[in-house]
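Coordinate inspection notes
The primary structure of each chain is shown beneath.
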Amino acid sequence: MRRMNLLDDPWIPVRIDDHHTELSGRDAVLRSAEIQQLDVDVPTMLPVLLRQFLLPLVMDAMGAPRSAAEWQRWMRAFTDGSLLHSDERLEADGRVRDEWASTRRAALLGYFTEHHDRFELFHPVYPFAQVAGLRTAKDDTKSVSLLIPSIASGNNVPLFSGRTGDDPLPLRPAEAARWLLHAHCWDTAAIKTGAKGDEQVKGGKTTGNPTGPLGQLGMVLPVGRTLAETVVLNLPILHDGLSEDDRPQWRRAPWTPAWRSAHATGPLQLLTWQSRRIRLHTADTPDGTRVTSVVVAAGDRLLQTPPFEPHTTWNADQKPKSGAPPLRPRRHMSGRSAWRGLDALLALGEGTTKVVTSGQVELLAEVLDQDYPLRVLTVGIEYGNQSAVVENVIADSIPLPVAALREITVRDAIVQIAEQADRLARALNMLSADLRRASGADPLPWDQGQRPGDRVLHALDKTTRRALAKLQTRYDHDAVDAVRAAWEQVAWRAAFEVAEPLLNNASPRQFAGVTETIKGKDVTHCSPRAESSFRTNVAQILPLAAATLRRRNSDPES
């Protein structure tokens, strides 16, 4: 048997002391307080490694916090290494592990021993996250490029792909392990190869396959200063503990080609959901063992994203139709910065709102220190052609002031900044539309051409991120007002820097304008009227900046 054990062999890419390296699963957990972060090639891989391996391993081995106070104890023990470091390391540091931490560390080390074989990637009976002996009726296989969305394969033809599906692409076992788990999370939908032993195969294939479960979400992932903190930031509080029926995929019976549609019974099953049936094929090469081909078939279908899904924001339906869930996952929008979705991130509690934040963000509002430098990673995939191809990967990272999760003043300021930016973009788009009407042309359709509103949003991106970072440590009332006022000053300048070329390039015809009859009244569209309307809109959108400008105009010496 070819050997590759995910606990023993390096495969998890990390950054330690600003250097990239790969660690075994065991070392990634035990040294997580030293690891700055997972150092992945593509942003979609970070939630894969956390959800399909690190989080369920920690929870299944050591349990989960049962209260806010216990969660904070986990955070301290993970961060300072008192739970994870060896006895010799603690003794050298002049520390002693307490009984609570000793019990959990012993459980973790015992777990590594007890379930060691279940982490073998090429085990003949239960290969990790695969089906032993999985085969098609014709015993054919496909290129491992099928696992990697950025490489052309079948109907999935990314715009910028350096390879085709026919190119040989042997993967190191470490690489194959990562992309194997990535497929379970993000694989495209539509037709899948029929596997022998799957009674639901028709004509050698299965149809109606959804995307991987993460492909149906707009992922919202809390991130800390170290991997240890990131792991704890994503641990749930389970007041009743984990159910005995809830186990990660590696502690279930060996997988077979048969699949089913089902609900997730608990967080461990959800995190390690097996949305595909996969088998990696290996070969010996001069460079060592390589994964050279793969079989990917239909896997379990998640009937509904459960309300305990921790890593998405939600659209809330106050009057759902019969049988429809009251909460539906929100998807990220291509080209939209994460800070423009802060209204959903900060929508704590269901109440009567149309959006609800992620369960994990709501938990962090209760347990984190006010000045903790929390960051949030947003990740999603935009699919096309009936979700059978990958069109775009959406990823962003923003600071999220913990004070915004608790203090209404900070929360309102952040949401208002995001709303003001969107209103400015609409005001600029309206100015462009009015100027086009003044020349006798129709406004640009919303989905065609470059719109000036997009330019102002781009110009405000860095300023908005700086404002969020300042509010992580300055959250008293005066500081919040100062941040808002400073942001409005920058936004005012940005809006007019975008507007001035449009106004300066207005033609004499646009100055004279065009008159049309609307609802029985003659309306003249002209550039002076468009400019006046725009200035009025900006003053209403940015009242603090407008007030400052009025004071300066009334007192030239100020």
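Preceding this paragraph is the structure being described.
These remarks concern the structure in this document. Each residue is numbered by its place in its chain's sequence as written, counting from 1. Given that the model is predicted, a residue must reach a pLDDT of at least 70 before its local features are reported, and side-chain atom pairs must reach 80 or more before they are shown or counted; all residues, however, enter totals for whole chains, interfaces and linings. Hydrogens are left out, water is left out, and the side-chain values use all remaining heavy atoms of the structure.

1. Some remarks on the sheet that holds strand S1 (residues 12-16)
Heads up, the rule is: Paired strands are those between which DSSP finds at least two bridges. A run of H or I in DSSP becomes a helix once it reaches four residues, and a run of E becomes a strand once it reaches two; helices and strands are each numbered from the N terminus.
Reading across the sheet, the 3 strands line up as S2-S1-S3 and stay open at both edges, with antiparallel pairing between neighbours. The sheet is open, and its two edges are formed by strand S2 (19-23) and strand S3 (37-38), each paired on a single side. Direction of pairing for S1 relative to S2: antiparallel, over a ladder of 5 bridges. Of the residues in S2, the one forming a bridge with Ile12 is Leu23.

2. Remarks on helix H16 (residues 543-554)
Threshold: Expected helix span is taken as 1.5 Å per residue step, with the number of steps being one fewer than the number of residues. Exposure categories follow from relative accessible area, calculated using a 1.4 Å probe and restricted to protein chains: below 20% of the type maximum is buried, above 50% is exposed, and the middle band is partly exposed. In this context, the arc is that of the directions from the helix axis out to the C-beta atoms. Should any heavy atoms of two residues lie within 4.5 Å, those residues are considered in contact.
Its 12 residues place the ends of H16 16 Å apart at the C-alpha level, agreeing with the 16 Å of an ideal helix rising 1.5 Å per residue. Taken residue by residue, H16 has Ala545, Ala546 and Thr548 as its buried positions. In an axial view of H16, the angular spread of the buried residues amounts to 160 degrees, which keeps them on one side of the axis. Exposed and facing more than 90 degrees away from the buried side of H16 are Arg550, Arg551 and Ser554. Lining the buried residues of H16 we find helix H13 (477-504) and helix H15 (527-541).

3. Comments concerning the packing of aromatic side chains
This is how the line gets drawn: Two rings from Phe, Tyr or Trp (for Trp, the six-membered ring) form a pair when their centres are within 6.5 Å of each other. A pair whose planes differ by under 30 degrees is stacked, one over 60 is edge-to-face, and the rest are tilted. Over a ring means this: the NZ of a Lys or the CZ of an Arg is within 6 Å of the ring centre and within 35 degrees of the ring normal.
Summed over the entire model, instances satisfying the criterion amount to 11 aromatic pairs. Aromatic pair Phe119 and Phe128: ring centres 5.6 Å apart, planes at 25 degrees, arrangement stacked. Ring geometry for Phe128 against Trp250: centres 5.7 Å apart, planes inclined by 20 degrees, an arrangement best described as stacked. Here Phe128 is found in the loop between helix H5 (99-114) and strand S4 (142-143), whereas its partner Trp250 is found in the loop between helix H7 (227-233) and strand S8 (261-262), with 122 residues between them in sequence. The class of Trp250 is buried, set by a relative accessible area of 2%. Among the aromatic side chains, those forming a connected cluster through ring pairs are Trp11, Phe53, Phe119, Phe128 and Trp250. Directly above the aromatic system of Tyr126 lies the positively charged group of Arg118, at a separation of 4.1 Å from the ring centroid.

4. A look at the pairing of strand S9 (residues 276-285)
Across 10 bridges, the pairing between S9 and strand S10 (residues 288-298) is antiparallel. Residue pairing across strands places Thr285 opposite Gly288, the latter belonging to S10. Counting the residues that bridge the hairpin from S9 to S10 gives 2 residues.

5. Side note on the packing of helix H11 (residues 408-438) against H13
Selection rule: Angles here are taken between N-to-C directions and fall from 0 to 180 degrees, while the axes themselves are lines fitted to C-alpha atoms, restricted in helices to the stretch in contact. Comment on the angle field: the value is read as roughly parallel under 35 degrees, roughly antiparallel over 145, roughly perpendicular from 65 to 115, and oblique elsewhere. Ten residue types, Ala, Val, Leu, Ile, Met, Phe, Trp, Tyr, Cys and Pro, are classed as nonpolar, four, Asp, Glu, Lys and Arg, as charged, and the remainder, Gly among them, as polar.
Put simply, H11 and H13 touch, their axes get as near as 11 Å, and they point 10 degrees apart. One element, H11, and the other, H13, form an angle in the roughly parallel class. Between H11 and H13, the residues in contact are Thr409, Val410, Ala413, Gln416, Ile417, Gln420, Ala421, Leu424, Leu428, Leu431 and Leu435 and His477, Val480, Arg484, Trp487, Glu488, Ala491, Ala495, Val498, Ala499, Leu502 and Leu503, respectively. In the contact of H11 with H13, the residues fall into 16 nonpolar, 4 polar and 2 charged.

6. Section: the pattern of salt bridges
Side-chain pairs of opposite charge can arise whenever the charged atoms involved come near each other. Short version of the rule: For this analysis, a salt bridge means a side-chain nitrogen from Lys or Arg found within 4 Å of a carboxyl oxygen belonging to Asp or Glu.
Within the structure shown, the criterion is met by 29 salt bridges. Where Arg15 meets Asp39, a salt bridge forms, and the shortest distance between an N and an O atom there is 2.9 Å. Remark: Asp39 occurs in the loop between S3 and helix H2 (45-62) and Arg15 occurs in strand S1; sequence separation between them is 24 residues. Residue Arg15 is classed as partly exposed on the basis of its relative accessible area, which comes to 28%. According to the relative accessible area criterion, Asp39 is buried, its value standing at 18%. A salt bridge links Glu22 to Arg172, with the shortest nitrogen-to-oxygen separation between them at 3.1 Å. Within this pair, whereas Glu22 is found in strand S2, its partner Arg172 is found in the loop between S4 and helix H6 (173-186), the two being separated by 150 residues in sequence. For Arg172, a relative accessible area of 31% translates into the label partly exposed. Here the salt bridges share partners, and the residues they tie into one network are Arg31, Glu34, Asp80, Arg89, Asp93 and Arg95.

7. A word on the side chain of His182
Checked against the element boundaries, His182 lands in helix H6. Residue class for His182 comes out buried when judged on its relative accessible area of 1%. Beyond its immediate stretch of four places on either side in the chain, His182 contacts Thr44, Met45, Val48, Leu147, Pro149 and Asp187.

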